[in-house]
Amino acid sequence: YDTTTNALITGGVLDGIQGNDDVSLRGTIGQFEDKNAGVNKTVVVDHVDLSGAQRNNYIVDYNGSSTTGTIEKAELTVSGVHPLDRVYDGTTNASFTGTPVLSGIFAADDGKVSAPIENVSGHFVDRNAGVDKEVAVFLSGGELAGEEAHNYVLVGVDGAGKIATITPAPLRVN
């Protein structure tokens, strides 16, 4: 995914070359049916470049030619979230604060993809009280929000601020 419909087409066979003429495909360019990530998307050929010594003796008729292709989702990372310190409760649950900041969004999609803080979750490496404990951070189900979220996939959470403290739970003697 790059916010455009441009497609670089690889492969293809030229039919109609005379004798041993030196002619081959140098590049084929097309347009996807739309800019969105997806598989088996129609690509219409709109330009073919030839190479070889006799290339100027040929013209490629590509009118109506099409193929299919895939637009992979663009990869994002998230930063700006931090686990909160908490009191021991027997679980590994972690809560977070901050404003998730996504890296890797194309300028054309600025403001159209976000990672709401309520979608950030994680857990401590163990349930025991301790200082500066590692916390695994992720987006619940990889949940991104916004009108262009379907074109992106979260591939990681930046490491800064992935530690917190579990303080011992207070006990009372009656």
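The following refers to the structure shown. (Residues numbered from 1 in each chain as written. Predicted model: local features only at pLDDT ≥ 70, side-chain atom pairs only at ≥ 80, totals over all residues. Heavy atoms only, no water.)

1. Overview of the sheet that holds strand β2 (residues 24–32)
Sheet strands pair by backbone hydrogen bonding; their relative direction is either parallel or antiparallel.
Argument step 1. Reading across the sheet, the four strands line up as β1-β2-β3-β4 and stay open at both edges, with antiparallel pairing between neighbours. Each end of this open sheet is capped by a strand with a single partner; those strands are β1 (6–9) and β4 (66–71). On average, each strand axis in the sheet is tilted by 45° relative to the strand beside it, whichever way the strands run.
Argument step 2. Bridge analysis of β1 against β2 gives four bridges, and the strand direction is antiparallel. Residue Leu-8 lies in a different strand from β2, and its bridge partner there is Ile-29. (Pairing = 2+ DSSP bridges. Helix = DSSP H or I, 4+ residues; strand = E, 2+ residues; numbered from the N terminus. Axes fitted to C-alpha atoms, helices over the stretch in contact; angles between N-to-C directions.)

2. As for the environment of Ser-79
Argument step 1. Here Ser-79 shows up in strand β5 (residues 74–83).
Argument step 2. Along the chain, Ser-79 and Asp-158 lie 79 residues apart, while their C-alpha atoms are 5.1 Å from each other.
Argument step 3. Ignoring sequence-local partners within four residues, the contact set of Ser-79 consists of Thr-99, Pro-100, Val-101 and Asp-158. (Contact = heavy atoms within 4.5 Å.)

3. Details of the pairing of β5
Argument step 1. Of the pairings in the sheet, the one linking β5 to strand β10 (residues 152–157) comprises five bridges and is parallel in character. Within the sheet, the bridge partner assigned to Val-78 lies in β10 and is Val-157.
Argument step 2. Sheet topology places β5 next to strand β7 (residues 96–103); six bridges connect them, and they run antiparallel. Bridged to Val-81 within β7 is Gly-98.

4. Quick look at the sheet that holds strand β11 (residues 163–167)
Argument step 1. Spatial strand order, β6-β11-β9-β8: four strands in an open sheet with mixed pairing. Of all strands in the sheet, those with a lone pairing partner are β6 (86–87) and β8 (120–124), marking the two edges.
Argument step 2. Taken together, the five bridges between β8 and strand β9 (residues 130–139) define a ladder with antiparallel strand orientation. Its bridge partner lying in β9, His-123 is registered against Ala-136.

5. Some thoughts on the nonpolar core
Argument step 1. Ranked by internal contacts, the top residues of the largest apolar core, which has 32 residues, are Leu-76, Leu-102, Val-135, Val-137, Leu-144 and Tyr-152.
Argument step 2. When residues of this core are traced back to their parent elements, those giving at least two are β1, β3 (38–51), β5, β7, β8, β9, β10 and β11.
Argument step 3. Setting aside anything within four residues of it in sequence, one finds Tyr-152 in contact with Tyr-1, Lys-73, Ala-74, Leu-76, Gly-104, Ile-105, Phe-106, Asp-109, Val-113 and Leu-144. (Core = buried A, V, L, I, M, F, W, Y, C linked by side-chain atoms within 4.5 Å. Buried < 20%, exposed > 50% of the residue type's maximum accessible area, 1.4 Å probe, protein only.)

6. Comments concerning the layout of surface pockets
Any empty space left between atoms is shown by rolling a water-sized probe over those atoms.
Argument step 1. In this structure, the largest pocket occupies an estimated 360 Å³ of space.
Argument step 2. Around the largest pocket sit 23 residues that line it, and Val-13, Leu-14, Leu-25, Val-48 and Val-60 are the ones nearest its centre.
Argument step 3. Taken together, the elements giving at least two residues each to the lining of the largest pocket come down to β2, β3 and β4.
Argument step 4. Class assignment for the residues of the lining of the largest pocket results in 13 nonpolar, eight polar and two charged. (1 Å grid on protein atoms, 1.4 Å probe; cavity = no way out; pocket = protein on both sides within 12 Å on 5 of 7 lines; lining within 4 Å. Points joined across faces, edges and corners; volume = space filled by probe spheres on them. Nonpolar A, V, L, I, M, F, W, Y, C, P; charged D, E, K, R; others polar.)

7. A few points about the pairing of β8
Argument step 1. For β8, a buried count of four out of five residues is recorded, marking the element as mostly surrounded by other parts of the structure.
Argument step 2. The turn linking β8 back onto β9 is made up of five residues.

8. Notes on the pattern of salt bridges
Argument step 1. Scanning the entire structure with this criterion turns up four salt bridges.
Argument step 2. Its salt-bridge partner being Lys-41, residue Asp-34 comes within 2.5 Å of it at the nearest N-O pair.
Argument step 3. For Asp-34, a relative accessible area of 27% translates into the label partly exposed.
Argument step 4. Taking the shortest distance from any N to any O, the salt bridge between Lys-35 and Glu-148 comes out at 2.9 Å. On the criterion of sequence distance, the pair formed by Lys-35 in the loop between β2 and β3 and Glu-148 in the loop between β9 and β10 is long-range, its members being 113 residues apart.
Argument step 5. Lys-35 gets classed as partly exposed once you look at its relative accessible area, which sits at 25%.
Argument step 6. Glu-148 gets classed as buried once you look at its relative accessible area, which sits at 8%. (Salt bridge = Lys/Arg side-chain N within 4 Å of Asp/Glu carboxyl O.)

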